[in-house]
Every structure is written in C-alpha cells, then in structure tokens.
Amino acid sequence: ARRSERGPIEFFHTEMHAAAVRALQVEAELRKALTQGGLQVWYQPIVELANLRTTSFEALVRWPHPTLGLLSPGEFIPLAEALDLIHDIGTLVLERVCADLREWAGRLPADAPLRVSVNLSARQLARPDLAAELLAAIDRVGVARERIRFEVTESVLAHPDGPAIDHLHALRAAGLDILIDDFGTGYSTLSYLHTMPCNQVKLDGSFVRSLPYDQRLRAIVRHSIELAHDLGMTVVAECIEDEAQLEILRAMGCDFGQGYLFSRPLDRDATFNRLHNPAPE
Ligand code: C2E
Ligand code: CA
Ligand code: CA
Ligand code: CA
C-alpha cells in the first residue's frame, strides 16, 4: 500500500538508497573486522583414507558478525575482492595460521599433524611480489616451510603468462607444497597439468557428490586419480559426506579426504583437541 502512495520511482529510489547504506555499513564493518582482529581462521581436518587419521588441515576464514552470525567466505570474499581487501585478508589468514602452528608446535608431540593448507585467490596471485611476501611472512614467524601448503584453483593455471605461475614455481622451489583446488572444474586440466608446479590435486566436491549414482563419472574420477598418481601427485577428495562416497574413493585409490563425514571446520580450540587425538573415534 505504501508503494502506491509514493509512486514507483520514488519507491525505487528509497530502496536503492537503503541498499547503498547497507552496503556501506557492511564495508565499514569488514574493514573494522580486518584491522581489529574480528576475522577468525577455522580449520577442517584432512584424513588419510586408508586409516582415517587426520594428517593435515585446511584453513578457512570466518567472520563472526555482530548481528548476522558466523559468516562464511562465500558471503564476504566477493565484497572483499570488490573493495580490494583480499590481499589484507590473505595476509591476515597466513599470519594467523603461522602463529597458531608455532604455538601448537610448542605444546604438542613432534609427530602431531601440524600441516595447514592456505587458499590463495587468483587476485592475490596477480600481485608482483606475492611469493616473496608469503615466504617472508612464514619465515618471520619461524614456522617450518614444510608445514604450509597453498591451494590454488585451476583457473589460475589457465593463464600461464601472468605472474601466478612464477609465484608457484618460486614457492615449490622454496620447499612448499602446491595443491590444485576444485580439480576437474576448469577446462584446461589435461593440457596444463603436466607442466604445473604442483604436487597435489583436490578433486572438486561436485564430483564426489554424484559418485555413487553415476557410473560414467566414476570412470572419469578413477582415471583422474590414476593420472595424478602417474604424474607423481597425491589426491585429496573434498566434500565427502557419506560412507558410500568414502568407499568408492578408497577403492579408487584416492589418498586423502575432507568433508562433513569426518569433521566440519573447527574453531581454534577444537582444532587443538583434534591435534591431540588425530586417530578416528
Ligand atoms: P574451497 O577452497 O573449495 O573450500 C571448501 C569449502 O567446502 C569450505 O567452505 C568448506 O567449509 C566446505 N565443505 C567442507 N566439507 C564439506 C562437506 O562435506 N560438504 C559441503 N557441502 N561443504 C563442505 P567455506 O569455508 O565456506 O569456503 C568457501 C570458499 O571460500 C573456499 O572454497 C575458498 O575458495 C574460499 N576461502 C575460504 N577461506 C579462504 C581464505 O582464507 N582465502 C581465500 N582467498 N579464499 C578462501
Ligand atoms: Ca580450498
Ligand atoms: Ca575446493
Ligand atoms: Ca569447491
């Protein structure tokens, strides 16, 4: 009823204004969270499929928002990219991961699975000095480089002339592992894979989901795992949610897995508990 009183154009204007104000609020809140310690890093266990022991973790950024609840990166990374804050978020995540690793290393037995994967976005990799900056950040905290692995998506590898590939070569040469994330969702997989400076692939969750119901997909995944192995890479499957998916991936020789079947992403304290007890329940 209020709509017709104001007329459509005035209504539209008011709505747009409200949306713009909201966007500005969220922007201000994100900047504040970034500078005042309001972003958190959670960790999702990655298990060895043969025995279900936790062998490493993936770092996943979270924003506990005062009114909107715990926000996932899908809800604020696009905004962060638009505001050009993604680099600051990346730095914050890596520094937090290194600080956590150093603290935990001092409190846990030497064989604790203290290895963490950190996501790098295409935009971060476009930065000219990124590899040197990442290595400097790791060394500054004093964490062994072997404890950190970076995850990059296939789309990054599809542009072999940008700085991204050079960064990955530099990181590999410095002793870090590189993992291709969302493997299988890009277009250029086969033409680029053998030249890439990476030593792990992470099979995308969209494949894992349909495995039990799709025989042709099983053939593709089985051969992808074999291909990765032949190229000297190990394979992680993400988004494993049930036993049927687990059994199929195991039978195909997939090395590692991640997903709600094993564990949801954990906050810091829960991660420390998991590090104490890496064996399955
Ligand atoms: P991704 O790298 O593919 O991360 C896996 C996503 O799958 C995570 O979502 C994780 O919580 C979710 N997941 C894990 N197990 C399951 C499962 O069994 N079922 C289902 N349905 N989902 C599962 P999340 O944490 O919301 O992250 C979304 C994306 O945001 C990530 O996708 C990654 O691309 C990006 N991201 C997360 N943290 C960072 C970061 O620190 N830096 C950058 N640049 N990107 C990040
Ligand atoms: Ca990832
Ligand atoms: Ca992924
Ligand atoms: Ca994914």
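Under an unreviewed UniProt entry, the chain has the name Diguanylate cyclase/phosphodiesterase with PAS/PAC sensor(S) and belongs to Thauera aminoaromatica.

**Digging into the overall build of the chain**
Check the secondary structure of the chain and you find 13 helices and 9 strands. Radius of gyration (C-alpha) of the chain: 21 Å, near the 19 Å computed for a compact globule of 281 residues. With the C-alpha coordinates aligned to their principal axes, the bounding extent of the chain is approximately 70 × 45 × 45 Å. Burial analysis of the chain (281 residues in total) assigns 45% to the buried set. Sequence separation of 24 or more characterises 66% of the internal contacts of the chain that already satisfy a separation of 6 or more. Surface exposure of the chain reaches about 14400 Å², of which carbon and sulfur atoms provide 53%. Taking the 28 positively charged and 39 negatively charged side chains of the chain as two groups, their mean positions are separated by 3 Å.

**With respect to the coordination of the calcium ion (ligand 2)**
When four donors bind a metal tetrahedrally, each ideal donor-metal-donor angle is 109.5 degrees, and when six bind octahedrally, the ideal angles are 90 or 180 degrees. Taken together, the protein ligands of the calcium ion (ligand 2) are Glu58 (OE), Asn119 (OD1), Glu151 (OE) and Asp181 (OD), with distances of 2.2 to 2.3 Å. For the calcium ion (ligand 2), the donor residues sit on a single chain with the sequence spacing E-x60-N-x31-E-x29-D. In this model, the calcium ion (ligand 2) sits 3.9 Å from the calcium ion (ligand 3), the two metals being bridged by Asp181. Taken together, the residues Glu58 in strand S2 (residues 54-65) and Asn119 in strand S4 (residues 116-119) connect sequence positions 61 residues apart.

**Regarding the packing of helix H4 (residues 86-107) against helix H6 (residues 130-141)**
Close contact between H4 and H6 brings their axes to 9 Å; oriented N to C, the two are set at 30°. The orientation of H4 relative to H6 falls into the category roughly parallel. Classified by chirality, the crossing of H6 by H4 is right-handed. Here H4 contributes His87, Leu94, Glu95, Cys98, Ala99 and Arg102 to the contact with H6, which in turn contributes Leu130, Glu133, Leu134, Ala137, Ile138, Arg140 and Val141. Here the residues of the contact of H4 with H6 sort into 8 nonpolar, 1 polar and 4 charged.

**Thoughts on the site of ligand 1**
Residues in close proximity to ligand 1 total 21 residues, the closest being Gln44, Arg62, Asp181, Glu241 and Tyr260. Take Asp181: an N or O atom from its side chain is 3.0 Å from an oxygen atom of ligand 1. Within the contact set of ligand 1, a nitrogen atom lies 2.5 Å away from a side-chain nitrogen or oxygen of Glu241. Here ligand 1 has 810 Å² of accessible area as a free molecule, and 80% of this is covered by the chains. Those elements that provide at least two residues to the shell around ligand 1 are S2, helix H3 (73-82) and strand S6 (177-183).

**Regarding the packing of aromatic side chains**
Summed over the entire model, instances satisfying the criterion amount to 3 aromatic pairs. Plain terms: the ring middles of Tyr43 and Trp104 are 5.3 Å apart, the flat faces sit at 65° to each other, and that makes the pair edge-to-face. Highlighted residues: Tyr43 in strand S1 (residues 40-48) and Trp104 in helix H4, separated in sequence by 61 residues. By relative accessible area, which is 0% here, Tyr43 ends up buried. Here Trp104 falls in the buried class, since its relative accessible area comes to 2%. Pairing Trp63 with Phe76 gives two aromatic rings, centres 5.7 Å apart and planes at 85°, and the pair type is edge-to-face. Within this pair, whereas Trp63 is found in strand S2, its partner Phe76 is found in helix H3, the two being separated by 13 residues in sequence.

**With respect to the side chain of Glu238**
Mapped onto the elements of the fold, Glu238 is located in the loop between strand S8 (234-237) and helix H12 (243-251). Here Glu238 occupies a buried position and makes no salt bridge, while the nearest side chain of opposite charge, Lys202, is found at 4.5 Å. Polar contacts involving the side chain of Glu238 include one to the main-chain amide nitrogen of Gly205, which spans 3.2 Å. Once residues lying within four places of it in the same chain are set aside, the contact partners of Glu238 are Asp181, Asp182, Lys202, Leu203, Asp204, Gly205, Val208 and Gln258.

**Quick look at the nonpolar core**
Soluble globular proteins tend to bury their nonpolar side chains together. Ranked by internal contacts, the top residues of the largest apolar core, which has 78 residues, are Leu39, Leu94, Val97, Ile148, Phe150, Val221 and Leu249. Tallying contributions element by element places H4 first for this core, with 8 residues. Ignoring sequence-local partners within four residues, the contact set of Phe150 consists of Leu94, Val118, Leu120, Leu134, Ile138, Leu171, Leu176, Asp177, Ile178 and Leu179.

**Here we look at H12**
Each turn of an α-helix holds 3.6 residues, which means side chains three or four residues apart point in the same direction. Along H12, the residues that are buried comprise Gln245, Leu246, Ile248 and Leu249. Summarising the axial view, the buried residues of H12 lie within an arc of 165°, below the 170-degree limit, and thus occupy one face. Turning to H12, the residues buried within the fold contact strand S7 (200-203), helix H10 (205-210), helix H11 (215-230) and S8. Regarding H12, its N-cap is Asp242, as a side-chain oxygen of that residue lies 3.2 Å from the backbone nitrogen of Ala244 further along. Directly after H12, the chain includes Gly253, whose backbone phi takes a positive value near 85°.

Parameters at a glance
Residues numbered from 1 in each chain as written. Chains lettered and ligands numbered in written order. Predicted model: local features only at pLDDT ≥ 70, side-chain atom pairs only at ≥ 80, totals over all residues. Heavy atoms only, no water. Helix = DSSP H or I, 4+ residues; strand = E, 2+ residues; numbered from the N terminus. Rg over C-alpha atoms; globule rule 2.2 N^0.38 Å. Buried < 20%, exposed > 50% of the residue type's maximum accessible area, 1.4 Å probe, protein only. Contact = heavy atoms within 4.5 Å. Areas by Shrake-Rupley, 256 points an atom, 1.4 Å probe, with all protein chains shown as cover. Lys, Arg positive; Asp, Glu negative; His and termini not counted. Charge placed at Lys NZ, Arg CZ, Asp CG, Glu CD. Donors = N, O, S within 2.8 Å, 3.2 Å for Na, K, Ca; no water. Axes fitted to C-alpha atoms, helices over the stretch in contact; angles between N-to-C directions. Parallel < 35°, antiparallel > 145°, perpendicular 65-115°, else oblique. Left-handed = near helix turned anticlockwise from the far one by under 90°. Nonpolar A, V, L, I, M, F, W, Y, C, P; charged D, E, K, R; others polar. Near = heavy atom within 4 Å. Polar contact = N/O pair within 3.5 Å; in protein donor to acceptor, adjacent residues only side chain to side chain. Phe/Tyr/Trp six-rings, centres within 6.5 Å; stacked < 30°, edge-to-face > 60°. Salt bridge = Lys/Arg side-chain N within 4 Å of Asp/Glu carboxyl O. Core = buried A, V, L, I, M, F, W, Y, C linked by side-chain atoms within 4.5 Å. Arc of directions from axis to C-beta.

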